[in-house]
Amino acid sequence: MSTAAYLIGLGIASAAALLGAVLPARRRLLGAAVLSSAACLAALAGAGDVLVSGHAFSLHTAQVLPLTGVDLSLDPLGAIFVVTTAVVGLAVSCYSVGYGAHQTPSRTATAMLPAFLTTLLLVPAAASLATFMVAWELMALASLLALLTEHRRRRETRDAAQWYAVMTHIGAAAILLGLVLLAAHAGGQSFAAIAAHRRHLSVPLASVVFLLTLFGFASKAGAVPLHVWLPRAHPEAPSPVSALMSGAMVNLGIYGILRVGEDLLGGGELWWWLVVAALGVVSAVFGALHAAASTDTKRLLAYSTVDNIGLVLIGVGAAGALAAGGEQALAGLVLLAALFHLVNHALFKGCLFLGAGAVQHAAGTRDLDRLGGIARKMPATAVLFGIGALSISALPGLNGFASEWLLLEGLLHGFASHSAVTEAALLAGVATLAITGGLTATAFVKALGVGFLGQPRSEGAGDAREVGPSMLAGMGLLAGGCVVLGVVPGVVLPALDRATTAGLAAGAPRAVLPGLGLALASVRGAIDPALLVGGLLVGIVVIWGALRLVPRSADLRSPRRAAAWGCGRELQTARMEITATSFAEPLQRVFADVLRPDHDLEVTHTAESRYFPEAISFHQRVDDAIERVVYRPVMAAVTWWGRLARRVPNGSVHRYLAFGFAALVLVLVVLA
Amino acid sequence: MRTGAELDVVELAAGIVLAGAVLALWRKDLRALISVLSLQGAALATVAAVLAVHDGDAGLGVVAGVVLLAKGLVIPGLLARVVRADPGSRETAPLVNVPASLITAAVLVVVSYLVAGHLTALFPGPLTRLAPLGLATVLVGFFVLVTRRKAVSQIVGLLLVDNGVALVAFLLTAGVPLLVELGASLDVLLVVVVLQVLATSMRARFGHIDLDQLRELHD
Amino acid sequence: MQLRHVDAGSCNGCEIEIAQAFAPVSDAGRFGARLVASPRHADGLLVTGVVTKNMAVPLQMTFEATPRPRVVVACGDCAVSGGVFAGAYGVVGSVRDVLPVDVEIPGCPPEPSEITEALRRLTGR
Ligand code: SF4
């Protein structure tokens, strides 16, 4: 049953891509959206069944790919990713109807979204090297094309696409190299064969394979320092695509690390996982800092993705380290928390990207310094974006809190482990969780406060209108998910538990007790968000009622209305409000060493005296320091090398012939 | 077994092929180059003919005739017409001067003897001993291609390569299939015809047929 | 008694004396008077200087923002009657022309002890 549902899902999704390409302009948007929603539902049913029953399915067909055939198999670990993708995909499909409504999107746009979705659903089920690499490359291609569908003529978009293409292909090459190396020594290219053979691998070989694939998967997941494509690609992609990229695609990087590290290589060495955790710590802090400093909504969200993926990587790394130390129960708990956070991140980040897209759609800008007052113009969008922002800031009662609580519990309980190095890593993880928590809250107070409250700072923001019902429904689906998983996280924990068990090489005992709240099975610790929220609601009702009942003084009975206190100023314009840049300024100063902001101050004086400035212009840009320090020199070196190489062919026939001649003689001499 | 006289003839002819290639490096007069080429063609045809007589292979006999006709007469004749249209043309300034070219040729012959050791080991026999001569012809022809400027010298280089390949083929396998040899000869013929057209129009356009000047077309 | 100080157009002479009134020698604070940063936190206003045209509306807004019950203290000759600036251009009038004044402290500037004494009358200590 699950096999059929999943395959039907894949089929419908590809049909949607086809229809998006061939249907006439009026119908293709709706046709593709309806079909891809159906595909998501079918895939959801198939993968959900795997999760509920705990039984993996697998099938092999010799037809589709020549020589190797296609191997598909969905175990609970892969199913969790398929389910996440399907939920985000459902919301995105729904949203895309409204998003494309006011200007009919091109054929490529309507075709690429479902195509991207298909590949996203396919990757977690690939069960052999060939199938996996084909699916992985198709995903890279589809996402690249999908990224380019909107404003492809803009310089920034082309730039972003180039960065993304290069990063993703370097990554794919590393993965291919690692997996081929593995398959060559494991006597088979199907994952099952490799996994069965894992005991016979030598440690150095396994380590090389792990590091190569880690490089590739980390570049897809957006871990620092391989994250440079994210803050470029996410802002430039159409919002449904950025939501899919951030909500589903980066997850697959995590999937790859787990699949190769735990499943294919069987857990391996302790230091592998410490490397993963270190990547996580760096990513989380760097991402959170940049998110707090960004003024472009989608750039902020992209950096926040780097931050959250960092947290997940911390969890994965800690779980791997604990498992390598033989602490299965604790490893299971931490991995469960990491997977839970991954799912939650997909929900709230999808919601936030769709919300940012709605605002951009309505106001024509995504620059926070030019937004403002959106809450009054687009109340529903504001509420949904707000739910996403509160979730990501991990406020109790929403899903971000549930998973971060679990992660923190797992990391803290991990101190009982017997390895000092692991303990140090866990400590770093806890500290990171604390600092990124604060920074994320700052970033989203900024996004909400500056973007949605106050007065509009530009004409576009002033003329913004609420977006249509389909877009709201898309966001609402994800925001609803945030609330449900926040209040009753217990509903998904059994499924996550199965995925965790499948995700660790040595398996893991149950990490949580059944129930609606969060109750840890292996160690002490429990919290019930439903009680928390319920108690809060009851408290509010009681206080409100009490205030009504208690007799009050005359003043309280007829309250006086007065304008908000604004220090007595008579004029209030948008230019007097705090901007995103000024909000982030103190943080920027504190972390100037990491963020390295670029200032540009220009003062023109009056002719009479230098004491009287006539005009002051101030520009500030926060570029990615890693891009400047790591990538620019490499790019400069490549360009230099290219220039040098261009001098070699100068158009002389004789020189070309001489090259051939020299090569021939050289080969002969070498042979002789 | 082959008689000594037949072997002697083949050895002599193969030697002439290589000597022709070296001569082509030495002489600057384009007309001399063409006579060298026709001599080489004749020698090659001799090799084929002797083998044909010895093996009683009629096909090989036809090949010998074709080689004589194409490489000994038609191609040199066509080239001579190109040269005649541009009298007094000499390979004035080769990229590598003649003494250096000759030394290089000596080195190339040594290299081909070194390399051909592997080849001759495959088919040991009195004929395969001569294979290095063909290989050396190929290398020297290539060297002519690289270092000579005039379009006619280039085509001579190409023909040297072709002749060298043919010689090796004759010696190692006692003959390329008829069809292949015919095709190759036709190809070369075509190249010569094209060259003639090109050379004529180049002279009309630039007043010379120096390939090195073509660099200006780059960029 | 928490007071929000408003400079409606003073020469800053009064401000210096107010600062002295809260400094260690007089220490109006020990009698329960405090200067606060926002009218929302205040029981009244401590207004200095003549009310200029630019400050008339902000002064009224500050008064509006002060929760009831509230007092208005006019500190210095300018605030009480216009003082040396009475009738000057750009001047609306004394504080009494704009707000209901409860306590007046004459003097140009009034001495710290006089300010303290007036505040003690308000705090009742
Ligand atoms: S009363 Fe005197 S000291 Fe006070 S503000 Fe007026 S002029 Fe200045």
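Parameters at a glance
- Residues numbered from 1 in each chain as written.
- Chains lettered and ligands numbered in written order.
- Predicted model: local features only at pLDDT ≥ 70, side-chain atom pairs only at ≥ 80, totals over all residues.
- Heavy atoms only, no water.
- Helix = DSSP H or I, 4+ residues; strand = E, 2+ residues; numbered from the N terminus.
- Buried < 20%, exposed > 50% of the residue type's maximum accessible area, 1.4 Å probe, protein only.
- Areas by Shrake-Rupley, 256 points an atom, 1.4 Å probe, with all protein chains shown as cover.
- Lys, Arg positive; Asp, Glu negative; His and termini not counted.
- Charge placed at Lys NZ, Arg CZ, Asp CG, Glu CD.
- Contact = heavy atoms within 4.5 Å.
- Salt bridge = Lys/Arg side-chain N within 4 Å of Asp/Glu carboxyl O.
- Buried area = accessible area lost by both parts, 1.4 Å probe.
- Polar contact = N/O pair within 3.5 Å; in protein donor to acceptor, adjacent residues only side chain to side chain.
- Nonpolar A, V, L, I, M, F, W, Y, C, P; charged D, E, K, R; others polar.
- Pairing = 2+ DSSP bridges.
- Axes fitted to C-alpha atoms, helices over the stretch in contact; angles between N-to-C directions.
- pLDDT = per-residue confidence, 0-100.
- Disulfide = S-S within 2.5 Å.
- Domains from an automatic or database assignment.
- Left-handed = near helix turned anticlockwise from the far one by under 90°.
- Parallel < 35°, antiparallel > 145°, perpendicular 65-115°, else oblique.
- Patch = residues over 30% accessible without salt bridge, like charges linked within 9 Å, V, L, I, M, F, W, Y side chains within 5 Å.

A count of helices and strands for chain A gives 26 helices and six strands. In terms of overall dimensions, chain A has a C-alpha envelope of 105 × 75 × 60 Å along the principal axes. Across the 672 residues that make up chain A, the buried fraction comes to 53%. For chain A, the computed accessible surface area is about 27,900 Å², with 67% contributed by carbon and sulfur atoms. Taking the average place of the 44 positive charges on the side chains of chain A and the average place of its 37 negative ones, the gap between the two points comes to 7 Å.

Attention now moves to the interface of chain B and chain A. Taken residue by residue, the interface counts 19 residues in chain B and 16 residues in chain A. Linking chain B with chain A are zero salt bridges. Only helix 4 (98-122) and helix 5 (131-147) of chain B provide two or more residues apiece to the side of chain B that touches chain A. With six residues, the single largest contributor to the side of chain B that touches chain A is helix 5 of chain B.

Attention now goes to the interface of chain A and chain C. The partner chain C presents 14 residues to the eight residues of chain A that form the contact. On the chain A side of the contact with chain C, Arg560(A), Trp565(A) and Glu570(A) bury the most area, a combined 69% of that side's loss. For the pair chain A and chain C, the interface holds zero residue pairs in polar contact (both at pLDDT 80 or more). Class assignment of the residues belonging to the side of chain A that touches chain C gives a composition of four nonpolar, one polar and three charged.

All names here are of chain C. If you trace the five strands from one edge of the open sheet to the other, you get 2-1-3-5-7, paired in parallel fashion. Edge strands, defined here as strands with exactly one partner in the open sheet, are strand 2 (34-36) and strand 7 (103-105). Ignoring which end each strand starts from, the neighbouring axes of this sheet average 30 degrees apart. Two elements, strand 1 (residues 2-7) and strand 3 (residues 44-48), share five bridges in a ladder whose sense is parallel. Counted as the bridge partner of arginine 4 is leucine 45 from strand 3. Where helix 1 (residues 13-21) meets the sheet, it contacts strand 1, strand 2, strand 3 and strand 5 (71-75), and its direction lies at approximately 130 degrees from that of strand 3.

Let us look at the confidence of the model for chain A. The predicted coordinates should not be examined in detail at positions where pLDDT is low. With 97% of its residues at a pLDDT of 70 or more, chain A shows a mean pLDDT of 87. No element of chain A has a lower mean pLDDT than helix 22 (residues 554-557) of chain A, which averages 64, and none a higher one than helix 15 (residues 379-392) of chain A, which averages 94.

Looking now at the state of the cysteines. Throughout the structure, instances matching the rule amount to zero disulfides over all chains. As a non-bridged cysteine, Cys40(A) has Cys94(A) as the owner of its nearest cysteine sulfur, 11 Å distant.

Residues and elements named next belong to chain A. Here the domain parsing of chain A yields domain 1 (1-265), domain 2 (267-546) and domain 3 (632-671). Tallying the contact residues gives 55 residues for domain 1 and 55 residues for domain 2. Of all residues in domain 1, Tyr95, Val224 and Glu262 give up the largest surface area on contact with domain 2, accounting jointly for 16% of the area buried on that side. Our count for the domain 1 to domain 2 interface comes out at one salt bridge. Where domain 1 touches domain 2, the interface holds 16 residue pairs in polar contact (both at pLDDT 80 or more).

Attention now moves to the packing of helix 12 (residues 297-324) of chain A against helix 16 (residues 399-413) of chain A. Residue and element names in this part refer to chain A. For the pair helix 12 and helix 16, interaxial distance at closest approach is 11 Å and the crossing angle is 35 degrees. Here helix 12 and helix 16 pass one another in a crossing that is left-handed. Together, Leu311, Ile314, Gly315 and Ala318 of helix 12 and Glu404, Leu407 and Leu411 of helix 16 make up the contact between the two elements. Among the residues making up the contact of helix 12 with helix 16, the classes are represented as five nonpolar, one polar and one charged.

Below, the discussion takes up the packing of helix 3 (residues 76-99) of chain A against helix 19 (residues 469-487) of chain A. Residue and element names in this part refer to chain A. Orientation of helix 3 relative to helix 19, taken along the N-to-C sense of each, is 160 degrees, at an axis distance of 6 Å. Here helix 3 lies roughly antiparallel to helix 19, going by the angle between them. Regarding helix 3 and helix 19, the two cross each other, and that crossing is left-handed. For the pair formed by helix 3 and helix 19, the contact residues are Val87, Val88, Leu90, Ala91, Cys94, Tyr95, Val97, Gly98 and Tyr99 on the first element and Ser470, Met471, Ala473, Gly474, Met475, Leu477 and Leu478 on the second. Of the residues belonging to the contact of helix 3 with helix 19, the class tally is 13 nonpolar, three polar and no charged.

Here we take up the side chain of Arg148(B). All names here are of chain B. Residue placement: arginine 148 occurs in the loop between helix 5 and helix 6 (151-173). Taking relative accessible area as the criterion, arginine 148 reaches 4% and is therefore assigned buried. Of the polar contacts made by the side chain of arginine 148, one reaches the backbone oxygen of leucine 25; its length is 3.0 Å.

Residue and element names in this part refer to chain A. A cluster of nonpolar side chains, contributed by Leu601, Val603, Ile616 and Phe618, occupies part of the molecular surface with about 400 Å² of accessible area. Looking at the secondary structure, you find valine 603 in strand 5 (residues 598-605). The partly exposed category is assigned to valine 603, whose relative accessible area is 38%.

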